[in-house]
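# Notes for the structure review
One letter stands for each residue in the lines below.
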Amino acid sequence: MKRGVMRRSIGIALALLLGAAVVVAVVLGNGAGGPTVVRGVIGSEKKPFFDDPRVRAAFEKHGLRVEVDTAGSRQIATEVDLDGYAFAFPSSVPAAEKIRKDRGVTRVFSPFYSPMAVATFEPIAGVLAEAGLVRDSGRGYQVLDVAAYMELVAKGTRWDELPGNTAYPARKRVLLTTTDVRTSNSAAMYLAMTSYVANGEDVVTAAGQVPEAAGKVAPVFLDQGYSQSSTEAPFEDYLVMGSGKTPMVIVYEAQYLSRLFARDGSITPEMRLLYPAPTVLSKHTLVPFTEQAGEVGRLLTEDPELRALAARHGFRTADPAAFTDLAAKTGAPIARDLVDVVEPPAYDRLEQLITTIERLYADGSVPQAEGGS
Amino acid sequence: MTAPPCGLLPATAAARPPGPVLRAVLAPVLALALVLGLAGCGPGEDVADDPDTLRILAGSEVKDLEPMLARSGVKVKISYTGTLDGAEQVAGGSADGEYDAVWFSSNRYLSLIDGASARLSTQTKIMVSPVLLGLSGAKARELGWQDGKATWKQIATAAREGKFTFGMANPASSNSGFSALVGVAAALSDAGEALDAAQVSAVTPELKEFFSAQRLTAGSSGWLADVYARQGGVDGIVNYESVLLGMKDLTLVYPGDGVITADYPLTLLASAPPEKRELYGKLTAWLRTPDTQREIMTTTHRRPVVPEVRPGPEFGSAPLLELPFPNRRAAADQLITAYLDEARVPAHALFVLDTSGSMRGDRIEALREALVMLTGADRSASGTFSRFRSRETVTMVPFSDGVGTPRTFKLPEGDPGPVLEQIKGYAEGLDANGGTAIYDGLRAAYSESLRADPEHYTSVVLMTDGENTDGASFEDFRRLYEMLPADIRPRAFVVLFGESDVAEMNKVAELTGGAVFDARDSSLAAAFKEIRGYQ
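Residues numbered from 1 in each chain as written. Chains lettered and ligands numbered in written order. Predicted model: local features only at pLDDT ≥ 70, side-chain atom pairs only at ≥ 80, totals over all residues. Heavy atoms only, no water.

## Some words on the overall build of chain A
For the record, the criterion: Secondary structure follows DSSP: runs of H or I at least 4 residues long count as helices, runs of E at least 2 residues long count as strands, and numbering of each begins at the N terminus. Each residue's exposure class comes from its accessible area (1.4 Å probe, protein chains only) as a fraction of the maximum for that residue type: buried when under 20%, exposed when over 50%, partly exposed otherwise. Per-residue accessibility takes into account occlusion by the displayed protein chains alone, with areas from the Shrake-Rupley method and a 1.4 Å probe.
Within chain A, the secondary structure is distributed over 16 helices and 12 strands. Counting every position in chain A, which comprises 373 residues, the buried fraction comes to 59%. Within the structure as shown, chain A displays about 14,100 Å² of accessible surface, and the carbon and sulfur contribution to it stands at 51%.

Now the structure itself:
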């Protein structure tokens, strides 16, 4: 084993287990002519997709068996030893771009994407609307005004200070729950949209813009206190423990929609999906290192069955009809087209923003919001 | 449902050898006097590896789930340790290779330690339980909280006014104590965001008022619940909702200004090899099946973590407001320090020490070392928290043929350094000679305790390596003990060492409502450190 083993194991979650039994069942009897195993490292939010027996069966038809480990997208780009994998499938373009350059890969695949969204509850959406943070887009869904939200955070506003708030009179600060920006891609995507606002409605492109933007957005992360490391965890808290712990949480739209489309009862009538304005698209981008992995990327992009399954898992694909049909059936206010979408900063800038915030964690000198306490 | 600390055994099992004894832990009725078998804890234990067995380092809080795991189809070997000790093992890397996974009631403190996150792989929450105040029904009615509604602020006001007393586990040794401390501090500071160092300083005077009502401390949430159930002595205890729901005649107070909730993440270590990852995946998948989740809920009173299983009516319907948890270690450590040095009722620890001839050589050296460790020589976080603290009183009562001269050290409010040096000097000067007058020593300590400041939390440690050879008998001690006023006589925590008379030592612990700690096959220093949680 190489020296990279230790690093590779950092943050990697074993993902093949649940699927393993299924695979065995599917593969049994195939004998020596069984499918080719293609092993990849992916962002954790795509694990349910790859574990889905229908997805595994679809790959099987093409002679492939896809095994996946999970890791944070930032770790895939920096810490994971990719030599043991046939492909990397991070959840964002900046991370994929870094890997593509590092490995000298020419062709990458972006088979599906998901906008960043906010999962909340109807009474809280009402309170936020009253406070001017949430408004109707006029296109059938509600949006959360990121700039207004950041102003509120800068003032240290608490829930019980919001005018007319009787629905959620908590003493704690109005803060969106996120994962830890130092490890998790969903938090990095949230950083992308908040830094856009902090940088005067512009993508952070120059190193000189980083300190000010990072300083402005730091409280939205640090003031939350302890944050969890994987994107599933706070969303699960939201589903299970409700508004007491997680009144509003940053999620991938797909996380919420896959639950909604599955009609498994976990999305209750009180739950609401909002779209931040601006939002960022998490473009899941597969970077293949082998020919078979390239085939995996191609199938995900072109195979109608896999595309349909991706839509069932809440992802938006090149076939918008599949998604909009599912969305329409639920009757939920899901955005068909999002207009206020911004690009995330390039890999290096995003990394600089994160490390600047990381330093604030380390030295403890967070610029505290004025007022509030 | 109350889980005892690391290696805690029913007293009756103590005479048996340590290995098999550990299996007796789940005897349905726990004797009040309990033995801590330290040999079963920590990395020193020989955990034989086997590719089919998932080795888990766990907090004692999950002990009640161990029998259920047998049905998971995954072979599991669990070793128990204290929360903070376990966190240090993981963060320092000594758990790597020894264990495949860790399972504590929370990973939050662990995650704040530098380098710890890199040692953790997948974290899977198994169940949740908030830390609450449970009050006797009568007291809850008296305070007007019979509907379970009060805020930490109201609770603190009642505490300040002396309207009730409570027990709580030591925040430096138990996650339930630490969670409660974070919750109370966050609520009282009225900070809307996670506490930082400045806010901890600012809230300390209020914490002191709150903790003035604390009249019982413990090294573990399980022991705390057992002692309260058997002896009462306080109006209620702070503990996990799951523990409180399993107790009789308690009103659960759900603080309206927020709680801290344990989420029991079963966590794969990054160092685990592929075959262990597979076992981990199977076990967590099984634990999160709706059937297992329902079983956990109905048998252990913990709330489920999968949306498919909705919490039952026993948990009430009010949403629990979760308070923010610090995201920097400095703030967390400062909070524990503020509790120990300023907020808690200061301790008066009496040490009854065997300095008989049989202690000569390695044993007296081990005793010296164990005491020196408590003067600050152990520089780990858990060592720092378990050393003698500011405002504390320490009395040494050595005995051999008879009782030596008791020596009392008072640590000042400010810098404890000079007094710690004196204690260190005293410990290093201990010598071994003569007979073993255990009960003369114990009687002297209890007489001494009568002079203790009533504003201190007084407890006795008895450490002996053999049978009583001189002076008073156990019965003599019992007579003295029974003459003392019940509300002020301290508990005795007994350390088994060398050739201790296990049966009689158990009687001492049982009589006084203390516990027995077994240092026969492990270090005396580890036993003393563990006992500090109970002082």
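Having seen the model, we can carry on.
## What about the interface of chain B and chain A?
Threshold: Contacts are residue-level and defined by heavy atoms, with any inter-residue pair within 4.5 Å sufficient. Here's the idea: put two parts together, see how much 1.4 Å probe accessible area each one loses, and the total over both is what we call buried area. Think of a salt bridge as a Lys or Arg side-chain nitrogen and an Asp or Glu carboxyl oxygen that are within 4 Å of each other.
Counting residues at the interface gives 42 residues for chain B, matched by 40 residues for chain A. Between chain B and chain A, a total of about 3,300 Å² is buried, with carbon and sulfur atoms accounting for 53% of that surface. At the junction of chain B with chain A, the criterion picks out five salt bridges. Between B:Arg288 and A:Glu236 there is a salt bridge, with its nearest N and O atoms 2.5 Å apart.

## Thoughts on the nonpolar core
Stated precisely, the cut-off is as follows: The definition of a nonpolar core used throughout is a set of buried Ala, Val, Leu, Ile, Met, Phe, Trp, Tyr and Cys residues joined through side-chain atoms within 4.5 Å.
Grouped together as the largest cluster of nonpolar side chains are 144 residues, with contacts concentrated most on B:Trp103, B:Tyr109, B:Leu207, B:Phe351, B:Leu367 and B:Phe528. Per-element tally for this core: the top contributor is helix H7 (residues 175–189) of chain B, with nine residues. In contact with B:Leu367, not counting residues within four places along its chain, are B:Leu353, B:Asp354, B:Met359, B:Leu430, B:Met463, B:Leu524 and B:Phe528. If you look at the next biggest cluster of nonpolar residues, it comprises 82 residues, including A:Phe121, A:Val127, A:Tyr168 and B:Leu321.

## Points about helix H16 (residues 417–428) of chain B
Residues and elements named next belong to chain B. Keep this limit in mind: The span you would expect from a helix comes to 1.5 Å times its residue count less one. By definition, the arc is the one covered by directions from the helix axis to the C-beta atoms.
With 12 residues, H16 should reach 16 Å at 1.5 Å per residue; the first-to-last C-alpha distance of 16 Å fits that figure. Buried within H16 we find Val-419, Leu-420, Ile-423, Tyr-426 and Ala-427. Axial view of H16: buried residues confined to an arc of 120°, hence all on one face. Residues of H16 that are exposed and point over 90 degrees away from its buried face: Pro-418 and Glu-421. Those residues of H16 that are buried are in contact with helix H14 (362–377), strand E16 (393–399) and strand E17 (407–410).

## A few points about the packing of aromatic side chains
Residues and elements named next belong to chain B. Counted only if it meets this: Here a pair means two rings of Phe, Tyr or Trp (six-membered ring of Trp) with centres within 6.5 Å. Their orientation is stacked below 30 degrees between planes, edge-to-face above 60, and tilted elsewhere.
Considering all chains together, one arrives at 38 aromatic pairs over all chains under this definition. Aromatic side chains Trp-223 and Phe-493 sit 5.8 Å apart centroid to centroid with 50° between the ring planes, which places their arrangement in the tilted category. One end of the pair, Trp-223, is in helix H9 (residues 221–231); the other, Phe-493, is in strand E19 (residues 491–496), and 270 residues separate them in sequence. Residue classification places Phe-493 among the buried positions, given a relative accessible area of 1%. Following the ring pairs from residue to residue traces out a cluster consisting of Trp-145, Trp-152, Phe-164, Phe-166, Phe-210, Phe-211 and Tyr-339.

## What about helix H6 (residues 93–103) of chain A?
The periodicity of an α-helix, 3.6 residues per turn, causes residues three or four positions apart to be oriented the same way. All names here are of chain A. Put simply, the rule is: Under the rule applied, a polar contact is a pair of N or O atoms within 3.5 Å (in protein, one hydrogen donor and one hydrogen acceptor; residues adjacent in sequence only if both atoms are side-chain atoms).
Within the span of H6, buried status applies to Pro-94, Ala-95, Ala-96 and Ile-99. Looking at the buried side of H6, the elements it contacts are helix H5 (73–78), strand E4 (87–89), strand E10 (279–288) and helix H16 (347–363). Between a side-chain oxygen at the N-terminus of H6 and the backbone nitrogen of Ala-95 the separation is 3.5 Å; the capping residue is Ser-92. Taken from the residues just after H6, Gly-104 is the one with a positive phi, measuring 60°.

## Notes on unusual backbone geometry
Residue A:Pro278 is bonded to the preceding A:Ala277 through a cis peptide linkage, with omega at 5°. Of note, B:His301 is a non-glycine position whose phi angle comes to about 60°, a positive value.

## A word on the packing of H7(B) against helix H8 (residues 197–211) of chain B
Residue and element names in this part refer to chain B. Where we set the bar: The axes are straight lines fitted to the C-alpha atoms, using for helices just the contacting stretch, and the angles between their N-to-C directions are given from 0 to 180°. The labels follow the angle: roughly parallel below 35 degrees, roughly antiparallel above 145, roughly perpendicular from 65 to 115, and oblique for the rest. Each crossing is labelled by how the near helix is turned from the far one, with a counterclockwise turn of less than a right angle marking it left-handed and a clockwise turn marking it right-handed. Basically, the charged four are Asp, Glu, Lys and Arg, the nonpolar ten are Ala, Val, Leu, Ile, Met, Phe, Trp, Tyr, Cys and Pro, and anything else, Gly included, counts as polar.
Across the interface, H7 lies against H8 with an axial gap of 10 Å and an inter-helix angle of 120°. Regarding the angle of H7 to H8, the classification is oblique. Note on packing geometry: the crossing formed by H7 with H8 is right-handed. Touching Leu-181, Val-184, Ala-185, Leu-188 and Ser-189 of H7 are Val-203, Glu-206, Leu-207, Phe-210 and Phe-211, all from H8. Counted by class, the contact of H7 with H8 contains eight nonpolar, one polar and one charged residues.

## Observations regarding the sheet that holds strand E3 (residues 53–59) of chain B
All names here are of chain B. Test applied: Pairing between two strands requires that DSSP report at least two bridges joining them.
An order of E4-E3-E5-E14-E6 is seen for the five strands of this open sheet, with the pairing classed as mixed. Two strands lie at the open edges of the sheet, namely strand E4 (75–81) and strand E6 (120–125), each paired on one side alone. Here the average twist between neighbouring strands, direction ignored, is 25°. Pairing of E6 with strand E14 (residues 265–269) involves four bridges; the strand directions are antiparallel. Residue pairing in the sheet places Lys-125 in a bridge with Pro-265 of E14.

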